[in-house]
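Understanding the architecture of this molecule
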Amino acid sequence: MSLAVTETIAVLQVIVQTVPVGTNLALLQLMWTIMNGSFLASRGAIFPALEANGYNATESRRIWQAFRQGMWRCDESINQWRDYVMSQEKWESHCYEAYRPLALDWTVIWRPKLKGWRGKWFHGLAGRALRGVGFGLVCNVGRIGEQRVPLLRRMIRPRQEDKSDKQLKADSLCWVTHHMAEDEVVIIDAGVEISDVHRANIPRYVIRAALNCTARRNYLPTYKGRGRRPCWGEKVRPLPRTRLEKEIGATPPDKTASFTLAQRTIQAQGWSDVVSSNYKPGEAPATFTLWVFFDPLYTTPLVLATNLAHAQAATIFSLYLDRWPVEQIPLVAKQVLGLHRQFVFAPESCYRLPELAFLLGNILTYLAASLPPLPTGFWDKRPRRTAGRLRRVLAKANFPQDALTDPRLRKKAAVTAHLPKGVAAHHRQKAAT
């Protein structure tokens, strides 16, 4: 048995420690089926994926029943996973000027033909809102060796009465406000306004702003001696723009800085103690600082807003770069494990399967970074520690029954001969619902 299979089974056993007997074994078998890539071939269907792993009809129904109606919660599995990572002491959290990044992002499992589902999200390629199951993802960011690795902290579901993206973002910001540590900074990409962050009372944040964003000074300009006295602060434009064939210059910065990152020099310009452009001086709930970074790697500058008034420009830039590892979690779950397409229709299952996929995507990324490089084949001369290579190794192995060391991982001796099964059970459950 290879080291990759042994470590994977050891982690999965830790994840299901708090799950009741019987359900824990079935859930572990489903996790193994997801991690070895069986859902790629089944195109998101559970029963064909289980059949590809050698489970008969009875075993597949038992696993499916444990997944759908078993007494387990993904939040408990995340806590077990985080405790395991901390105990291994391989993952090290990033820290810049005593600030630790806490990345926040939103992702959607698109279900355009899911009947009766009220949640809709805007799809960029389609150009309109489509049905989908949305989630808020919160994760810490660190590294194993030289590789950045996210550590999942929370998955936030939308409300049952309001599944809109606006409400989910508001709930996610509210959760982060009440659960972030004193040294953590929330890192958010574009799609959230400064007013949303202030409304949630987030104590520390770094958020990406639009290239054409504007702000105002939090004080009135000097009275010119004639005309009406000013009641709005001077407008601040971080970047120049053109309107009606007339160029509008950028506001001179309050401070400038330059720093070296990865052998390239980055220039930064900052504007301190500004407020949103729709507030008069003294009316805004809080002030913030605007930073513009000119990186020679990119033609477009990066505009960031933060309330870390005393942090250096290099710190703000490094904190925002640590926002991107959160994208690794849905990327591995959807593309590497094949859960971008899902064939489950019960409301709870529509939430449970994506949550399980995101958690296993994070586990696969961590294990790939902590294990030695695994070549895909003889042609892979310089293998890297990637989740795809680890998934291909697991796909070649059978379920390691001999590696189960927890005595609680066993089939529960329950009498089920009198219960309806298959289609009859499905119709009975549907009628009861």
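In this report, the structure presented in the accompanying data block is examined. The residue count restarts for each chain, going from 1 along the sequence in the order it is written. This being a predicted model, a pLDDT of at least 70 is required before a residue's local features are given, and a value of 80 or more before pairs of side-chain atoms are given or counted; all residues contribute to the totals for chains, interfaces and linings. The basis for every side-chain value is the complete set of heavy atoms in the structure, and neither hydrogens nor water enter the calculation.

Some thoughts on the overall build of the chain
In terms of helices and strands, the chain carries 13 helices and 15 strands. Along the first, second and third principal axes, the C-alpha atoms of the chain reach 95 × 55 × 40 Å. Counting only residues that meet the buried cut, the chain has 48% of its 433 residues in that class. Here the analysis covers contacts within the chain between residues at least 6 apart in sequence; of these, 63% occur between residues at least 24 apart. If you sum the accessible surface of the chain, you get close to 22300 Å²; carbon and sulfur atoms cover 51% of it. Only four residue types enter the charge count, namely Lys and Arg as positive and Asp and Glu as negative; His and the chain termini do not. Taken as the charge centre is NZ of Lys, CZ of Arg, CG of Asp or CD of Glu, depending on the residue. The chain carries 60 positive and 35 negative side-chain charges, and their two centres are separated by 8 Å. Segments assigned H or I by DSSP are reported as helices when at least four residues long, segments assigned E as strands when at least two residues long, and all are numbered from the N terminus. Burial classes follow relative accessibility: with a 1.4 Å probe on protein chains only, a residue under 20% of its type's maximum area counts as buried, one over 50% as exposed, and anything between as partly exposed. Whether two residues are in contact is decided by their heavy atoms: any pair within 4.5 Å suffices. Accessible surface is estimated by sampling points in the Shrake-Rupley manner with a 1.4 Å probe; for residues, cover comes only from the protein chains shown.

Focus: the environment of Leu27
As for its position among the elements, Leu27 is in helix H2 (residues 23–35). For the pair formed by Leu27 and Gln65, sequence separation is 38 residues and the distance between their alpha carbons is 9.7 Å. Once residues within four sequence positions are removed from consideration, Leu27 is found in contact with Val16, Val19, Trp72 and Leu356.

Describing the pairing of strand E4 (residues 128–144)
Here E4 lies mainly inside the structure; 13 of its 17 residues are buried. Strands are labelled as partners when DSSP assigns at least two bridges between them. Pairing analysis gives two bridges linking strand E1 (residues 92–93) to E4, with the strands arranged antiparallel. Directly across from Ser93, in E4, lies its bridge partner Gly142. Note: strand E2 (residues 100–110) against E4, nine bridges, orientation antiparallel. Across the sheet, the residue bridging to Ile109 is Val133, located in E4. As judged from the four bridges shared by strand E3 (residues 120–123) and E4, these two strands associate in the antiparallel manner. The residue of E4 that forms the bridge with Phe122 is Ala129. In textbook terms, the turn of a hairpin is the stretch between consecutive antiparallel strands, and for E3 and E4 this stretch comprises four residues, one of which, Gly127, has a positive phi near 75°. Sheet topology note: the E4/strand E5 (residues 147–156) ladder contains nine bridges and is antiparallel.

Quick notes on the side chain of Arg111
With respect to the helices and strands, Arg111 occurs in the loop between E2 and E3. Whenever Lys or Arg places a side-chain nitrogen within 4 Å of a carboxyl oxygen from Asp or Glu, that contact is recorded as a salt bridge. Lacking a salt bridge, the buried Arg111 has Glu348 as its closest oppositely charged neighbour, with an N-O distance of 13 Å.

Topic: the environment of Gln13
Within the fold, Gln13 resides in helix H1 (residues 3–15). A residue is classified by how much of its surface remains accessible, and Gln13, at 6% relative accessible area, is buried. Measuring from C-alpha to C-alpha, the distance between Gln13 and Ala314 comes to 41 Å, with 301 residues separating the pair along the chain. In this structure, Gln13 is in contact with Leu28, Ala403, Leu404, Thr405, Asp406 and Leu409, ignoring residues within four places of it in sequence.

Some thoughts on the packing of H1 against helix H11 (residues 347–370)
Angles shown run from 0 to 180 degrees and are taken between the N-to-C directions of axes, each axis being a line fitted to C-alpha atoms and, for helices, limited to the stretch in contact. Relative to each other, H1 and H11 sit at 140°, their axes nearing to 11 Å. With respect to each other, H1 and H11 are oriented oblique. Read as a crossing pair, H1 and H11 show a hand that is right-handed. Across the interface between the two elements, Glu7, Thr8, Val11, Leu12 and Ile15 from H1 touch Leu359, Leu360, Ile363 and Leu367 from H11. Note on residue categories: nonpolar means Ala, Val, Leu, Ile, Met, Phe, Trp, Tyr, Cys or Pro, charged means Asp, Glu, Lys or Arg, and polar means any other residue, Gly included. The residue makeup of the contact of H1 with H11, split by class, is seven nonpolar, one polar and one charged. Oblique is the label for every angle not falling under 35 degrees (roughly parallel), over 145 degrees (roughly antiparallel), or within 65 to 115 degrees (roughly perpendicular). With the far helix as reference, a near helix turned anticlockwise by less than a right angle produces a left-handed crossing, and one turned clockwise produces a right-handed crossing.

So, the packing of aromatic side chains
Aromatic pairing here means that ring centres of Phe, Tyr or Trp (its six-membered ring) are within 6.5 Å. Orientation follows from the plane angle: under 30 degrees is stacked, over 60 is edge-to-face, and everything else is tilted. Inspection of every chain in the model, using the stated rule, returns 14 aromatic pairs. Between Phe259 and Phe293 the ring centres are 6.3 Å apart and the planes differ by 75°, which places this aromatic pair in the edge-to-face class. Pair noted here: Phe259 is in strand E12 (residues 255–261) and Phe293 is in strand E14 (residues 288–294), with a separation of 34 residues, a long-range link. The pair formed by Phe259 and Phe293 is uniform in burial state, with each residue classed as buried.

Brief notes about the nonpolar core
Residues enter a nonpolar core if they are buried and are Ala, Val, Leu, Ile, Met, Phe, Trp, Tyr or Cys, with the set joined through side-chain atoms within 4.5 Å. In this structure, Leu30, Ile34, Trp81, Leu360, Ile363, Leu364 and Tyr366 are the most contacted members of the largest nonpolar core, which totals 77 residues. The residues touching Ile363, leaving out its near neighbours within four places in the chain, are Val11, Ile15, Met35 and Trp81.

Topic: H1
Relative to the 18 Å expected for 13 residues at 1.5 Å per residue, H1 spans 19 Å between its end C-alpha atoms, a close match to the ideal helical length. Of the residues making up H1, those classed as buried are Ala4, Val5, Thr8, Ile9, Val11, Leu12, Gln13, Val14 and Ile15. Looking at the packing, one finds that the buried side of H1 touches H2, helix H6 (74–88), H11 and helix H12 (387–395). Helix span, as expected, comes to 1.5 Å for every residue beyond the first.

Some words on the side chain of Thr376
When you line up the elements, Thr376 lands in the loop between H11 and H12. A residue is classified by how much of its surface remains accessible, and Thr376, at 18% relative accessible area, is buried. Those residues in contact with Thr376 that lie beyond four places of it in its chain are Arg389, Arg392 and Lys396.

So far we have only geometry, and geometry alone does not tell us how the molecule works.
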